[in-house]
Amino acid sequence: MSLAALPKVELHLHLEGAAPPEFIRRVAAEKRADISRAFGPDGGYAFADFARFLEVYEAATSVLTTPEDYHRLTLAVLEASAAEGVIYTEAFLSPDFCGGGDVAAWREYLAAIREAAVTARARHGIEMRGVVTCIRHFGPDTAKRAALCAAETAGDFVTGFGMGGDERRGRQGDFAYGFDMAREAGLGLTTHAGEWAGAHSVRQALDDLRVARIGHGVRAVEDPDLVARLAEGQITLEVCPGSNVALGLYASVADHPIAALRAAGVPVTVSTDDPPFFRTALTAEYAALHAAFGWEEEDFAELNRTALGAAFCDAETRARLMKRIGGAV
Ligand code: ADE
Ligand code: ZN
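All residue numbers refer to position in the chain's written sequence, counted from 1. Going through the entries in the order they are written, you letter the chains from A and number the ligands from 1. Totals for whole chains, interfaces and linings use every residue, but because this is a predicted model, local features are given only for residues with pLDDT of at least 70 and side-chain atom pairs only at 80 or more, for both listing and counting. Where side-chain values are given, they derive from all heavy atoms of the structure, hydrogens and water being excluded.

## A word on the overall build of the chain
Under the DSSP-based scheme used, a helix requires at least four consecutive residues in state H or I and a strand at least two consecutive residues in state E, with every element numbered from the N terminus. Across its full length, the chain holds 13 helices and 8 strands. Every radius of gyration here is taken over C-alpha atoms, with the globule rule written as 2.2 Å times N^0.38, N being the number of residues. Taken over the C-alpha trace, the chain has a radius of gyration of 18 Å; the compact-globule value for 329 residues is 20 Å, and the two agree within 12%. In terms of principal-axis extent, the alpha carbons of the chain reach across some 50 × 45 × 40 Å. The buried share of the chain, taken over its 329 residues, is 59%. Taking as baseline every contact in the chain between residues at least 6 positions apart, the subset at least 24 positions apart corresponds to 73%. In this description, accessible areas are obtained by the Shrake-Rupley approach with a 1.4 Å probe, and a residue is regarded as covered only by the protein chains that are shown. Carbon and sulfur atoms provide 52% of the accessible area of the chain, an area that totals close to 12600 Å². Residues scored as charged are limited to Lys and Arg (positive) and Asp and Glu (negative), so that His and the chain ends carry no count. For charged residues, the charge sits on one atom: NZ in Lys, CZ in Arg, CG in Asp, CD in Glu. Put simply, the chain has 32 plus and 46 minus side-chain charges, and the middle of one group is 3 Å from the middle of the other. Per-residue accessibility, obtained with a 1.4 Å probe over protein chains only, is compared with the maximum for each type, and a residue is labelled buried under 20%, exposed over 50%, and partly exposed between these values. Whether two residues are in contact is decided by their heavy atoms: any pair within 4.5 Å suffices.

If you want it as structure tokens, here you go:
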């Protein structure tokens, strides 16, 4: 089997961040919105650093103003993921972008996203779950509203709660109220940590938010005691090597700590984060890891079993998909 055909499980994908630039340009043209500054001469998204990345992300997202926009976005994203061999994906969904944090408006966006997910499953055999996400640089009060949206819609489709955005602002613990609300609603928890801040941010995520998974988490490698804690607690890292390289965290995939973390017994998984922004796709990530570390199909199969084991889904779905990736339940 080729890397392209290998069935894959992706745990870390921002829905708007997966929007192809042509898709966003088309929607912008329909709405006569000028967001040309988001694009470079080759037509792709253009940014020089993480701060500008967040601005371009929000500019692109600003043209997505209706549930129908999110319906077509979800269809396009799931079709592209399925073409990479993805059989299960967890997408970060942001009530701040989908109705401004209002629960009634959020329900309408969510219904449209879910309807697209049902269609994509029938067409492409891909399973999706939503991880409602607050955005750190919008602050803790806005995050509470996102958590309320998550808690109100928790169930068989919305199965997790997380936080993205600028990790350099505030502390993880500032957002504990929202994470507590989400935990009480039965949601799985994850937060971006150890991407733009160091090991201390990963410690805060574990101590103050009590998450089961960490988005990125790679800078934990700077602290051997923390690496041991992640391995012992079997805290799964949603690692996105291409994203980290594109944003300048590491010079190349060969310099990336994913192999060291894996060798230390930390459960690592591989995702794309915002693939068109970083000019990547999941099969290309696998190919880069093969080239850098010599990982073969059995290594990737193991990573996918780890990912499915840590997925925020019900036992029946996990067992059914585990069979498709050759794992025991
Ligand atoms: N939102 C989308 N991509 C992100 C990333 N890599 N880090 C933090 N927030 C994000
Ligand atoms: Zn991310």
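## A short note on the coordination of the zinc ion (ligand 2)
Around the zinc ion (ligand 2), the protein supplies His12 (NE2), His14 (NE2), His192 (NE2) and Asp273 (OD) as donor atoms, at distances of 2.1 to 2.2 Å. Only nitrogen, oxygen and sulfur atoms qualify as donors, and only when within 2.8 Å of the metal (3.2 Å in the case of Na, K and Ca); with water excluded, sites may look incomplete. All donors of the zinc ion (ligand 2) belong to a single chain; written as a sequence motif, their spacing is H-x1-H-x177-H-x80-D. Residue His14 is found in strand β1 (residues 8-14), and its partner Asp273 is found in the loop between β8 (268-270) and α11 (282-293); the two are separated by 259 residues along the sequence. Accessibility expressed as a relative area gives 11% for His14, which makes it buried. Note on Asp273: relative accessible area 3%, which makes it buried.

## Brief notes about the pairing of strand β3 (residues 127-135)
Within β3, 9 of the 9 residues are buried, leaving the element largely enclosed by the surrounding structure. What you see with β3 is no split at all: Glu127, Arg129, Val131, Thr133 and Ile135 on one side and Met128, Gly130, Val132 and Cys134 on the other are buried throughout. Pairing between strand β2 (residues 86-93) and β3: 6 bridges, direction parallel. Across the sheet, Leu93 pairs through a bridge with Val132, a residue of β3. A right-handed crossover is one whose linking path, passing over the helix from the first strand to the second, runs clockwise when the strands point away from the viewer. Crossover β2 to β3 through helix α4 (residues 103-124) is right-handed. A pair of strands counts as paired when DSSP detects no fewer than two bridges linking them.

## Let's talk about the nonpolar core
Ile24 and Phe161 are the most contacted members of the largest nonpolar core, which totals 95 residues. Here the element with the most residues in this core is α4; it accounts for 7 residues. If sequence neighbours within four positions are ignored, Ile24 has contacts with Ala19, Ile35, Phe39, Tyr45, Ala60, Val63 and Leu64. Listed in part, the 12 residues of the second largest apolar core include Leu11, Leu308, Ala311 and Ile325. Each nonpolar core is a collection of buried residues, namely Ala, Val, Leu, Ile, Met, Phe, Trp, Tyr and Cys, held together in the definition by side-chain atoms within 4.5 Å.

## Let's talk about the site of ligand 1
Any residue with a heavy atom lying within 4 Å of a molecule or strand is counted as near it. In the vicinity of ligand 1, the contacting residues are His14, Phe50, Phe53, Tyr57, Gly164, Gly165, His192, Glu195, His216, Asp273 and Asp274. Any N or O atom pair separated by 3.5 Å or less is treated as a polar contact, with the protein-specific requirement of one donor-capable and one acceptor-capable atom, and with residues adjacent in sequence counted only for side-chain atom pairs. In this structure, Glu195 approaches ligand 1 through a side-chain N or O atom, which is 2.8 Å from a nitrogen atom. In isolation ligand 1 exposes 260 Å². Once the protein is present, 96% of that is buried. Broken down by element, the shell around ligand 1 gets its largest block of residues, 3 residues, from helix α2 (residues 50-61). Amino acid classes used here: Ala, Val, Leu, Ile, Met, Phe, Trp, Tyr, Cys and Pro are nonpolar; Asp, Glu, Lys and Arg are charged; the rest, including Gly, are polar. Residue composition of the shell around ligand 1, by class: 3 nonpolar, 5 polar and 3 charged.

## Here we look at the pattern of salt bridges
The term salt bridge refers to a side-chain nitrogen of Lys or Arg lying within 4 Å of a carboxyl oxygen of Asp or Glu. Across all of its chains, the model carries 24 salt bridges by this definition. Between Lys144 and Asp141 there is a salt bridge whose closest N-O contact spans 3.7 Å. Highlighted residues: Lys144 and Asp141, both in helix α5 (residues 140-153), separated by 3 residues, approximately one helical turn. Asp141 sits in the exposed class, given a relative accessible area of 58%. Put simply, Arg171 and Asp174 hold a salt bridge, and the shortest N to O gap is 3.0 Å. By sharing partners, the salt bridges in this structure join Arg121, Glu127, Arg129, Asp314, Glu316 and Arg320 into a single network.

## Regarding the packing of aromatic side chains
A pair of Phe, Tyr and Trp rings is counted when the ring centres sit within 6.5 Å of each other, with Trp represented by its six-membered ring. The angle between the planes then sorts it: under 30 degrees is stacked, over 60 is edge-to-face, the rest tilted. Tallying each qualifying case throughout the model produces 18 aromatic pairs. With a centroid separation of 6.2 Å and 85 degrees between ring planes, the pair formed by Phe47 and Phe278 is classed as edge-to-face. Of this pair, Phe47 sits in the loop between α1 (21-30) and α2 while Phe278 is found in the loop between β8 and α11, placing the two residues 231 residues apart along the sequence. Grouping aromatic residues by their ring pairs yields a cluster made of Phe39, Tyr45, Phe47, Phe50, Phe53, Tyr57, Phe97, Phe138, Trp196, Phe277 and Phe278.

## Digging into the packing of α1 against helix α3 (residues 67-83)
A fitted line through C-alpha atoms serves as each axis, taken over the contacting stretch for helices, and the angle formed by two N-to-C directions is quoted from 0 to 180°. Interhelical geometry of α1 versus α3 gives an angle of 160 degrees and a closest axis separation of 11 Å. The angle between the axes of α1 and α3 places the two elements in the roughly antiparallel class. As for the relative orientation of α1 and α3, their crossing is right-handed in sense. Across from Phe23, Val27 and Glu30 in α1, the residues of α3 making contact are Asp69, Arg72, Leu73 and Ala76. For the contact of α1 with α3, the class distribution of residues is 4 nonpolar, no polar and 3 charged. Working rule for angles: under 35 degrees goes down as roughly parallel, over 145 as roughly antiparallel, 65 to 115 as roughly perpendicular, anything else as oblique. Handedness of a crossing is defined here by the sense of rotation of the near helix relative to the far one, left-handed for an anticlockwise turn of less than a right angle and right-handed for a clockwise turn.

Remember, this is a structural readout, not a statement about activity or role.
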